[in-house]
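Coordinate inspection notes
Given next are the chains, with one letter for each unit.
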Amino acid sequence: MSDRHHHAHAHGHDHSPSPSHNHSLRHRLKHLLTPHSHQTADKLDPALESSARGMRALWVSLVVLGVTALAQGVVVAVSGSVALLGDTVHNTADALTAVPLGIAFVLGRRAANRRFTYGYGRAEDLAGIAIVLTIAASAAFAGWTAIERLLDPRPVQHVPAVAVAALVGFAGNEWVARYRIRVGRDIGSAALVADGLHARTDGFTSLAVLLGAGGSALGWQLADPLVGLAITAAIALVLRDAAREVFRRVMDAVDPALVDRAERALLEVEGVRGVGELRLRWIGHRLRAEVAVVVDGDATVRQAHAIAVDAEHALLHAVPRLTAALVHADPAPLPGETDPHLTLAHHMAA
């Protein structure tokens, strides 16, 4: 006998088991003393708030990086520094990544429908791919410009202005990096965290421009393009890390520690004898779970359903940013009993 439970529930609803099923005293006390609700509206409000925070982080950082890139662009025009040009292009690209992420956050607010039954959270993964492509394009442009200047060295003009612009670039990027990473981790957005790490590396590449400016001040014309190549290498490292993070999210990878945490929470639920299949996946910056728990084979449908409700409840409290869980109750097997799932085996074959 099994029971599937997959709907938002208020604890005022009648999901109580038959009198023969007793909840633990600890669970009842925790239930009464901890203010919470799992109704659909209550789940949606934090989701909307997280998207709103993500949008706020994007637009604020867009303004900061836009102003930074504009200031650097003016200096590039008068100095001819390719190192600063590479930094400016990358800062501009970083600012523009707010556009696909912003679109993704807006789409993520839309409700699920009969075509997109899980909603539109996956738009964040598409935004992550767009960000990776943007980083790759900026790396290619910066590298090409630096190589051209190596082949045709020219002196850098207004070296002090280049140095100041480099410091402005570092300050703007580091502020944006801290802001994006903090908000991204708070709301569980891998794309926003990746974008923050991207901005942090941009800050250090801005400092590298100072080296080029120093070399140019000493009369070494190759210093500027060599620093430009170093910046390209740094961008390539960011590209590698960002691509790996986005690839993992697209492939439904989660932190194994989250799986362990979910399993421990389930095993503490009264009536759960074991945990079978346990799956977690990110949809945007929110988690969903699918799990099979083993219950007493003599339990009634109502009792198995109550255990499934408790299991979902435990998961929602134990796993950060989990908004929904599908719990399937399997009866504990009897000696010599045939696996009831054997009829499904041929559907699961590779």
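As a reminder, the structure under discussion sits directly above these lines.
For clarity, every value in this text was computed on a predicted model and none was experimentally measured.

The subject of this paragraph is the overall build of the protein chain. A tally of regular secondary structure across the protein chain gives 11 helices and four strands. The buried share of the protein chain, taken over its 350 residues, is 45%. Here the analysis covers contacts within the protein chain between residues at least 6 apart in sequence; of these, 77% occur between residues at least 24 apart. Summing over all exposed atoms, the protein chain offers an accessible surface of approximately 17900 Å²; the carbon and sulfur share of this is 63%.

Another aspect to go through is unusual backbone geometry. Of note, Asp252 is a non-glycine position whose phi angle comes to about 65°, a positive value. Mapped onto the elements of the fold, Asp252 is located in the loop between helix H8 (223-250) and helix H9 (256-267). The backbone phi angle of Arg321 is positive, close to 65°, even though this residue is not glycine. Locating Arg321 in the fold gives a position in the loop between helix H10 (301-318) and strand S4 (322-331).

Next up on the list: the nonpolar core. If you look at the biggest cluster of nonpolar residues, it comprises 36 residues, and the most contacted ones within it are Leu84, Val162, Leu192 and Val209. Setting aside residues up to four positions removed in sequence, Val162 forms contacts with Val75, Ser79, Ser81, Leu84, Val156, Gln157, Val209 and Ala213. If you look at the next biggest cluster of nonpolar residues, it comprises 28 residues, including Leu280, Ala289, Ala318 and Ala329.

Tallying each qualifying case throughout the model produces two aromatic pairs. Residues Phe116 and Tyr120 carry aromatic rings whose centres are separated by 4.6 Å and whose planes lie at 35° to one another, so their mutual orientation is tilted. Given a relative accessible area of 39%, Phe116 falls into the partly exposed group. For Tyr120, a relative accessible area of 13% corresponds to the buried category. Both rings, one in Trp175 and one in Tyr179, keep their centres 5.3 Å apart while their planes meet at 45°; by these two values the pair is tilted. Placement of the pair is Trp175 and Tyr179 together in helix H6 (residues 159-187), with a separation of four residues, close to one helical turn. The buried category is assigned to Tyr179, whose relative accessible area is 14%. The ring of Tyr120 has Arg110 sitting right over it, with the charged end atom 4.6 Å from the ring centre. Looking at Arg281, its charged tip hangs above the ring of Tyr118, at a distance of 5.7 Å from the centre.

Turning our attention to the pairing of strand S3 (residues 286-295). Within S3, seven of the 10 residues are buried, which leaves the element mostly enclosed by the surrounding structure. Two elements, strand S2 (residues 274-283) and S3, share eight bridges in a ladder whose sense is antiparallel. Residue pairing across strands places Gly274 opposite Val294, the latter belonging to S3. Between the antiparallel neighbours S2 and S3 lie two residues, among them Gly284 with a positive phi of about 70°. In the sheet, S3 pairs with S4 via nine bridges, with the strands oriented parallel. Residue pairing in the sheet places Val293 in a bridge with Ala329 of S4. Once you follow S3 into H10 and on to S4, the crossover reads as right-handed.

A few words on a nonpolar patch on the surface. A cluster of nonpolar side chains, namely Leu126, Ile129, Leu133, Phe247, Val250 and Met251, defines an oily patch on the protein surface of about 620 Å² accessible area. Of all the secondary-structure elements, those providing two or more residues to the nonpolar patch are helix H5 (123-151) and H8. In terms of residue count, H5 provides more of the nonpolar patch than any other element does, three residues in total. Checked against the element boundaries, Val250 lands in helix H8.

Mapped onto the fold, Asn173 is located in helix H6. Relative accessible area serves as the criterion here: at 0%, Asn173 is assigned to the buried category. Polar side-chain contacts of Asn173 include one of 2.8 Å to the backbone oxygen of Gly169. Those residues within four positions of Asn173 in sequence are excluded, and the remaining contacts are Leu65, Asn91, Asp94, Ala199, Arg200, Asp202, Gly203 and Ser206.

All right, on to H8 then. Along its 28 residues, H8 runs 40 Å from first to last C-alpha, staying within 8% of the 40 Å computed at 1.5 Å per residue. Asp252, located one to two residues past H8, shows a positive phi value of around 65°.

Our next topic: the side chain of Arg286. Within the secondary structure layout, Arg286 lies in strand S3. We note that Arg286 is buried and unpaired, the nearest opposite charge coming from Glu124 at a distance of 6.1 Å. Here the side chain of Arg286 touches Gly108 through a polar contact of 3.3 Å, landing on its backbone oxygen.

Analysis parameters
Residues numbered from 1 in each chain as written. Predicted model: local features only at pLDDT ≥ 70, side-chain atom pairs only at ≥ 80, totals over all residues. Heavy atoms only, no water. Helix = DSSP H or I, 4+ residues; strand = E, 2+ residues; numbered from the N terminus. Buried < 20%, exposed > 50% of the residue type's maximum accessible area, 1.4 Å probe, protein only. Contact = heavy atoms within 4.5 Å. Areas by Shrake-Rupley, 256 points an atom, 1.4 Å probe, with all protein chains shown as cover. Core = buried A, V, L, I, M, F, W, Y, C linked by side-chain atoms within 4.5 Å. Phe/Tyr/Trp six-rings, centres within 6.5 Å; stacked < 30°, edge-to-face > 60°. Lys NZ or Arg CZ within 6 Å of the ring centre and 35° of its normal. Pairing = 2+ DSSP bridges. Right-handed = clockwise from strand over helix to strand, strands pointing away. Patch = residues over 30% accessible without salt bridge, like charges linked within 9 Å, V, L, I, M, F, W, Y side chains within 5 Å. Salt bridge = Lys/Arg side-chain N within 4 Å of Asp/Glu carboxyl O. Polar contact = N/O pair within 3.5 Å; in protein donor to acceptor, adjacent residues only side chain to side chain. Expected span 1.5 Å × (residues − 1). Lys, Arg positive; Asp, Glu negative; His and termini not counted.

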